[in-house]
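# Working through the structure, step by step
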Amino acid sequence: MKGLGNIFSFTFIQHIKQKGYRNVTVIVALLCLLLPAGIMPAIEYFKEDETYVSKIDKVYVVETGGNTDGAADYGVLNGVDPTQFTDITYETAENVEDAAKKAEEEGYSALLAVGYQEGGYQLSVLLPDETKLNKKDVNAYEAFLSGAFRYILLQKSNLEVTQIAELTMPIETAVRDSSVSADESDEYAMAKEALATILPYLNIMILYFMILAYGQGTANAAITEKTSKLMDLLLVSVKPGAMLLGKVFAMAATGVLQIFIWLFGLFGGFALGIHFTKMVNPNTDMALIQLVESFGEFSGMFTVSGVILALLMLAAGLLLYCSLAAIGGALAEKPEDLSNTNMLFVMVLLVSFFATMFAGGSGADVPWDAVTWQVWVPFTSILVAPTKILLGVMSIPEALISLGLVVLTATLITMAAGKIYKMMSLYKGNPPSPKKLMEMMKKQR
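Computed from a predicted model, the values in this text were never measured in an experiment. (Residues numbered from 1 in each chain as written. Predicted model: local features only at pLDDT ≥ 70, side-chain atom pairs only at ≥ 80, totals over all residues. Heavy atoms only, no water.)

Turning to the overall build of the protein chain, a few remarks are in order. Within the protein chain, the secondary structure is distributed over 17 helices and four strands. Classification of the 445 residues of the protein chain by burial places 40% in the buried group. Of all intrachain contacts in the protein chain linking residues separated by at least 6 positions in sequence, the fraction that spans at least 24 positions is 77%. As displayed, the protein chain has an accessible area near 25,000 Å², and 62% of this comes from carbon and sulfur atoms. (Helix = DSSP H or I, 4+ residues; strand = E, 2+ residues; numbered from the N terminus. Buried < 20%, exposed > 50% of the residue type's maximum accessible area, 1.4 Å probe, protein only. Contact = heavy atoms within 4.5 Å. Areas by Shrake-Rupley, 256 points an atom, 1.4 Å probe, with all protein chains shown as cover.)

In structure tokens form, the structure reads like this:
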């Protein structure tokens, strides 16, 4: 391994100095920082005030259609919701034209057209041409009426008072899950379920494209000396295996550094977004802010040890796939050969991606912790284990075992890639077939 440190530092510094790497890192980090910081307070500032109080004080009711029998007392609607529309005067009108004329004279009156159609009712809340009301007043009343009109229908049904009381009795439903602790509220259980649905998909998609990009970069870095005719000179001072390992570790390190910068930018963006949103409205009820503030209430979720293990799993997984891509780079003599020699890396990545997406985890009715084999296979565990660790689905010992399997597999593949690179360092000609490669490795032993 003599010279590995020099190869690592040289490759690492050269890669982070590249203009494309720096631009992508800085631009994405700024987006992660600025987008949440700007979007969250903007949503809070421009959202409609749900506590708007309608100024309607009188409603003219016009019933049309074939089921106008059984006159109803619309005044009963004043007692439906104690927080709104509790003091409205209801008056029946013969037609819309007459009601509109009266409403125009009063200023704060609206019209309710109740049309009976075969199979149901159509409700229309109307404003006269001349009025002091606005669209918000009508929208608020319309939203209230959509749930309250059933009280009018109960009156028209000619049921007994006791029967109406039974039909209007409130009903509470609750879904019990044995995996949710008894002291965990339904609000937290719903938030935990939402995170368990979103985070795995987000983790898979981000890591898939990161692995694809850095795997290709590792393969290209592995054949740099071959194409620049520096191989003979380097073999004098650096062993081929050490050279490849230094490049693999350097590429994985640049990827880990980039991911961590983006994560810090994202955390900072949400922190600023929460701060600015509370400056706009200290009493905000934004669901995202409530979710962040309630992280401490989630049993087993987002613990310090879990976050550390999840980050280590990300780093080890990126190293694993970079090592696999290095085999393709070790076999290739020139960049044109990578389309063939890097097939192993591409196939393993695609199979792992589709296995995690379609082997039970992506179904809406199947929880992510139902398919446990995915966390024990190193190539799939990197895509699913980080979120399982963060959500508390995996215990600390299980996470350590899964991480150990990934590290062990990455070590073995890296050693194999180093041997292949050494064997192919002075090889000339087309890349060998898998059968010929195995024969060459046996002879090398």
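As a further point, take helix α15 (residues 378–390). One turn of an α-helix holds 3.6 residues; hence residues three or four places apart share an orientation. Compared with the 18 Å implied by 1.5 Å per residue over 13 residues, the 18 Å span of α15 between its first and last C-alpha is a close match. The largest bend along α15 reaches roughly 45° and is located at Val384, with the proline Pro386 sitting one to four residues downstream. Burial analysis of α15 places 13 of its 13 residues in the buried class, the great majority of the element. Where α15 terminates, the next one or two residues include Gly392, which has phi positive at roughly 80°. (Expected span 1.5 Å × (residues − 1). Bend = angle between axes of the 7 residues up to and from the residue.)

Strand order in the open sheet formed by four strands is β2-β1-β3-β4, with mixed pairing between adjacent strands. Edge positions in the sheet fall to β2 (89–92) and β4 (120–126), since each has one partner strand and no second. Going from strand to strand, the sheet's axes swing by 25° on average, the running direction of each strand aside. Where strand β1 (residues 58–65) meets strand β3 (residues 109–117), eight bridges bridge the pair, whose relative direction is parallel. Within the sheet, the bridge partner assigned to Val59 lies in β3 and is Ala110. In the packing of helix α3 (residues 96–106) onto the sheet, the strands contacted are β1, β2, β3 and β4, and the crossing angle to β1 comes to about 175°. Sheet strands in contact with helix α4 (residues 135–148) are β1, β2, β3 and β4, and its direction is about 160° off that of β4. (Pairing = 2+ DSSP bridges. Axes fitted to C-alpha atoms, helices over the stretch in contact; angles between N-to-C directions.)

As a further point, take the environment of Lys135. Secondary-structure assignment places Lys135 in helix α4. In this structure, the C-alpha to C-alpha distance between Lys135 and Ser54, residues 81 residues apart in sequence, is 9.7 Å.

Another point: the packing of helix α14 (residues 343–358) against α15. Following both chains from N to C, one finds α14 and α15 inclined at 50°, their axes separated by 9 Å at the closest point. Comparing the axis directions of α14 and α15 gives the class oblique. Between α14 and α15 lies a crossing of right-handed hand. Touching Val348, Ser352, Phe353, Ala355 and Thr356 of α14 are Phe379, Thr380, Leu383 and Val384, all from α15. Residue composition of the contact of α14 with α15, grouped by class: six nonpolar, three polar and no charged. (Parallel < 35°, antiparallel > 145°, perpendicular 65-115°, else oblique. Left-handed = near helix turned anticlockwise from the far one by under 90°. Nonpolar A, V, L, I, M, F, W, Y, C, P; charged D, E, K, R; others polar.)

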